[in-house]
Amino acid sequence: MKRALCLASGMVLMASVSFAQGPGGGAPAGIAVGLQRAYAALKTNLTQSAEKMSDADYGFKPTNEIRGYGQLWGHVANAQFGQCAQAKGVPNPNMGVDLEAKTTKAEFVKALADSFAFCDEAFSSLTDATAAELLTGGRGGPTARGAVLLGVIAHGNEMYGIGTVYQRMKGLVPPSTENQGRRGGGGGGGRGRGQ
């Protein structure tokens, strides 16, 4: 029952994301399209975030108890490889490799890009029917493919939010705020809310 409620909540979230994206040529946007749009936005935000910080600041940690800036993106890459391998029904090609252990901006940016390249097909081939298919091999028993891919988006957005704090502490404007300003959405000159 709990799993069904989580799946239903995720589907409502995806429908909300889909409607928030605005008209898409008049075609209805189902679960798969909603997940694909959310993934595209995530990919843009994370890729731009990884590129935004200087190489010298890639080890920056607001406190010693948390990950450095680059480690955030290595962590996302590790998670995406695992989650997308489950969604695709293939072995994790990154199994046993800790991408958080990279040391340079170039290595972290490449690891993140590689994980997106691996996930792209899982999202692009998704249909409403395949989103409902139950997968095995994950934690907690059989899970719908759409729920697994929603996990990629949820986790990535969580890490993106954490990364924006690092960026603000270094005087940088996060990509989502910067991009909103370019689209004419305001954003107070790129400062974002609460600034």
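Residues numbered from 1 in each chain as written. Predicted model: local features only at pLDDT ≥ 70, side-chain atom pairs only at ≥ 80, totals over all residues. Heavy atoms only, no water.

(A) Structural detail: the packing of aromatic side chains. Considering all chains together, one arrives at eight aromatic pairs under this definition. For the pair Tyr58 and Tyr69, a centre-to-centre distance of 5.3 Å together with 90° between the ring planes defines the contact as edge-to-face. Placement of Tyr58 in the loop between α2 (31-52) and α3 (69-88) and of Tyr69 in helix α3 is noted, with a sequence separation of eleven residues between them. On the accessibility criterion, Tyr58 (3% relative accessible area) is buried. Following the ring pairs from residue to residue traces out a cluster consisting of Tyr58, Phe60, Tyr69, Trp73, Phe108 and Tyr166. The residue whose ring lies beneath Lys88 is Phe118, and the NZ or CZ to ring-centre distance is 3.9 Å. When the ring centre of Phe60 is taken as reference, the NZ or CZ atom of Lys170 above it lies at 4.5 Å. (Phe/Tyr/Trp six-rings, centres within 6.5 Å; stacked < 30°, edge-to-face > 60°. Helix = DSSP H or I, 4+ residues; strand = E, 2+ residues; numbered from the N terminus. Buried < 20%, exposed > 50% of the residue type's maximum accessible area, 1.4 Å probe, protein only. Lys NZ or Arg CZ within 6 Å of the ring centre and 35° of its normal.)

(B) Quick look at the state of the cysteines. In the structure shown here, the tally under the stated rule is one disulfide. The residue that forms a disulfide with Cys84 is Cys119, at a sulfur-sulfur distance of 2.1 Å. The sign of the S-S torsion, about 105°, decides the handedness of the disulfide formed by Cys84 and Cys119: right-handed. Placement of the pair is Cys84 in helix α3 and Cys119 in helix α4 (residues 105-124), with a sequence separation of 35 residues. (Disulfide = S-S within 2.5 Å.)

(C) Seen up close, the side chain of Glu100. Secondary-structure assignment places Glu100 in the loop between α3 and α4. At 3.3 Å, the side chain of Glu100 and the side chain of His75 are in polar contact. Among residues more than four places away in sequence, those in contact with Glu100 are Arg67, Gln71, Gly74, His75, Asn78 and Phe108. (Polar contact = N/O pair within 3.5 Å; in protein donor to acceptor, adjacent residues only side chain to side chain. Contact = heavy atoms within 4.5 Å.)

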